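Here's the letter readout for the chains.
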Amino acid sequence: MDSGRYDHGGSGHRIPLALKILIAGGFGAGKTTLVSALSEVRPLQTEEVLTDAGIDTDDVSGVEGKSTTTVAMDFGRITINEDLLVYLFGTPGQDRFWFLWDELAFGALGAVVLADTRRLADSFPSIDYFEQRGIPFVVAVNCFDDSRRFSLDTVRRALDLDPDVPMVLCDARDRQSGKLVLISLVEHVARQRGEPVPAA
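A quick note: this is a predicted structure, and the numbers were derived from the prediction, not measured.

Caption draft 1: Structural context of the sheet that holds strand β4 (residues 74-81). Taken in spatial order, the six strands of this open sheet run β4-β5-β1-β6-β7-β8, and their pairing is mixed. With one partner strand each, in any of the chains shown, β4 and β8 (167-170) form the two edges of the open sheet. Between one strand axis and the next, the sheet turns by 25° as a mean value, whatever way the strands run. Two elements, strand β6 (residues 110-115) and strand β7 (residues 137-142), share five bridges in a ladder whose sense is parallel. The residue bridging Val112 from the neighbouring strand is Val138, located in β7. The strands that helix α4 (residues 152-159) touches are β7 and β8; relative to β8, the one it contacts most, it runs at about 120°.

Caption draft 2: Spotlight on the side chain of Asp74. Mapped onto the elements of the fold, Asp74 is located in strand β4. Despite its burial, Asp74 remains without a salt bridge, the nearest opposite charge being carried by Lys31 at 7.1 Å. A distance of 2.5 Å separates a polar atom in the side chain of Asp74 from a polar atom in the side chain of Thr32.

Caption draft 3: A look at the nonpolar core. Counting residues in each nonpolar core, the largest one holds 23 residues, and the members touching the most others are Leu22, Ile127, Phe130, Phe137, Val139, Leu159 and Leu161. Those residues in contact with Leu161 that sit more than four places away from it in its chain are Ile127, Phe137, Val139, Arg156 and Met167. Grouped together as the second largest cluster of nonpolar side chains are 20 residues, Ile23, Leu38, Leu109 and Val112 included.

Caption draft 4: Local environment of the pairing of strand β5 (residues 84-90). Judged by how many residues are buried, β5 sits mostly within the fold: five of seven residues are covered. Note: strand β1 (residues 17-25) against β5, seven bridges, orientation parallel. Across the sheet, the residue bridging to Leu19 is Val86, located in β5. As judged from the seven bridges shared by β4 and β5, these two strands associate in the antiparallel manner.

Caption draft 5: The arrangement of the pairing of β7 in detail. Across the six residues that make up β7, a large majority, six, are buried. The alternating pattern of β7 places Phe137, Val139 and Val141 and Val138, Ala140 and Asn142 on opposite faces, both of which are buried. Traced from β6 through helix α3 (residues 124-133) to β7, the parallel crossover comes out right-handed. Where β7 and β8 come together, four bridges link them in parallel fashion. Within β8, the residue paired with Ala140 across the bridge is Val168.

Cut-offs used in this document
Residues numbered from 1 in each chain as written. Predicted model: local features only at pLDDT ≥ 70, side-chain atom pairs only at ≥ 80, totals over all residues. Heavy atoms only, no water. Pairing = 2+ DSSP bridges. Helix = DSSP H or I, 4+ residues; strand = E, 2+ residues; numbered from the N terminus. Axes fitted to C-alpha atoms, helices over the stretch in contact; angles between N-to-C directions. Contact = heavy atoms within 4.5 Å. Buried < 20%, exposed > 50% of the residue type's maximum accessible area, 1.4 Å probe, protein only. Lys, Arg positive; Asp, Glu negative; His and termini not counted. Salt bridge = Lys/Arg side-chain N within 4 Å of Asp/Glu carboxyl O. Polar contact = N/O pair within 3.5 Å; in protein donor to acceptor, adjacent residues only side chain to side chain. Core = buried A, V, L, I, M, F, W, Y, C linked by side-chain atoms within 4.5 Å. Right-handed = clockwise from strand over helix to strand, strands pointing away.

Written as structure tokens, this is what we have:
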């Protein structure tokens with residue numbers, strides 16, 4: 001008999017399991033775009049306009065067209081079925097907002113590190129963060145229209161990733177592409193835990 005998760009307030013309704021996934025990466029890597037593409041509800045965003053006051057703080061080299069930045073987090077939701085919800089938390093990409101990361105990472109199933117080949121070094125802080133805390137992650141190389149294309153092996157070597165860390169190409173603007181990234185993460189977590197890999 002399925003014990004399930006039920007509301008003990010007397011309604012008898014099942015309470016869905018909620019999974020938390022972080023979307024991380026450097027400044028301008030496409031985190032807000034990915035959360036927006038995936039979320040079934042209008043995502044909560046904490047975007048602020050970049051101003052002259054941040055010139056010495058916000059390095060926009062390689063992403064000169066970027067005019068806003070996330071100052072707290074992005075939040076989105078995906079309903080897999082009546083028993084399973086996925087909550088997406090997009091992390092701020094700049095160093096001065098890193099004090100928020102520990103709160104956002106608490107209880108996370110895993111993370112997606114969005115990599116931008118125009119600013120690949122910006123991926124290192126996110127990768128280091130998750131490696132040091134033992135949080136499973138995948139690296140998704142966001143294929144910007146104006147960026148050079150590199151093989152995944154080349155990017156893996158440049159990032160000095162462990163062989164078991166999955167890498168995928170993605171387009172953060174495309175919902176289906178984003179779903180494949182999340183599937184890659186869930187499969188990776190299942191393998192690490194020795195659990196059956198869920199059917200895609």
